[in-house]
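# Coordinates in review
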Amino acid sequence: MGLNSGGRTGRCSRGCKPDGTQLGFGRYGTKSCKAGRLSYRAIEAARRAIIGQFRRNGKIWVRVLADLPITGKPTEIRMGRGKGNPTGWIARVSTGQILFEMDGVSLSNARQAATLAAHKPCSSTKFVQWS
């Protein structure tokens, strides 16, 4: 792969990663259906939706981490003078990656919490159960 080829531009992988695609902690979880990006605000909003559904019962694991900074320059600023200030953080999500895991609650309660959390990120997710 050459230095200027398109492989190093930071694209999300289109296929499934071997790690992070299986439930590792809880009995239920949400899995991403396609690759993309999740903002730190969407991750936190989904986590709060799940916790609000559980009402102090059960446990939740967040399997994605927003670790890539997004920078932006203000409008009407001249070119040059370096990169802009960090405005937020994102997480790269691959196809089939587990986003959240839940345990200690009933199946119906976990499914409803996953449905509420699925409305927060912009990508499509599905509910998975440990078998």
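A brief report on the enclosed structure follows. (Residues numbered from 1 in each chain as written. Predicted model: local features only at pLDDT ≥ 70, side-chain atom pairs only at ≥ 80, totals over all residues. Heavy atoms only, no water.)

## So, helix H2 (residues 107-118)
Between its terminal C-alpha atoms H2 stretches 16 Å, which fits the 16 Å expected from 12 residues at 1.5 Å a residue. Of the positions making up H2, those classed as buried are Ala110, Ala113, Ala114 and Ala117. Angularly, the buried residues of H2 cover 100° about the axis, an arc narrow enough to put them on a single face. On its buried face, H2 sits against strand E1 (28-32), helix H1 (40-54), strand E6 (98-103) and strand E7 (125-129). (Helix = DSSP H or I, 4+ residues; strand = E, 2+ residues; numbered from the N terminus. Expected span 1.5 Å × (residues − 1). Buried < 20%, exposed > 50% of the residue type's maximum accessible area, 1.4 Å probe, protein only. Arc of directions from axis to C-beta. Contact = heavy atoms within 4.5 Å.)

## Section: the sheet that holds strand E2 (residues 36-39)
Spatially, E2-E5-E4 is the arrangement adopted by the 3 strands of the open sheet, whose pairing is antiparallel. In this open sheet, the two edge strands, each paired with only one partner strand, are E2 and strand E4 (68-72). Adjacent strand axes in the sheet meet at a mean angle of 45° when their direction is disregarded. Where E2 lies against strand E5 (residues 85-93), 4 bridges are found, and the strand directions are antiparallel. By the bridge assignment for E5, Leu38 is matched with Ala91. Lying on the sheet, H1 is in contact with E2 and E5; it crosses E2 at an angle near 70°. (Pairing = 2+ DSSP bridges. Axes fitted to C-alpha atoms, helices over the stretch in contact; angles between N-to-C directions.)

## Structural notes on the packing of aromatic side chains
The final tally for this structure, using the stated rule, is 2 aromatic pairs. Seen from their ring centres, Tyr28 and Phe127 are 5.9 Å apart, and the 20° between their planes marks the pair as stacked. With Tyr28 in strand E1 and Phe127 in strand E7, the pair connects residues that are 99 residues apart, well separated along the chain. Tyr28 gets classed as buried once you look at its relative accessible area, which sits at 5%. (Phe/Tyr/Trp six-rings, centres within 6.5 Å; stacked < 30°, edge-to-face > 60°.)

Function-wise, these values are silent; they only describe arrangement.
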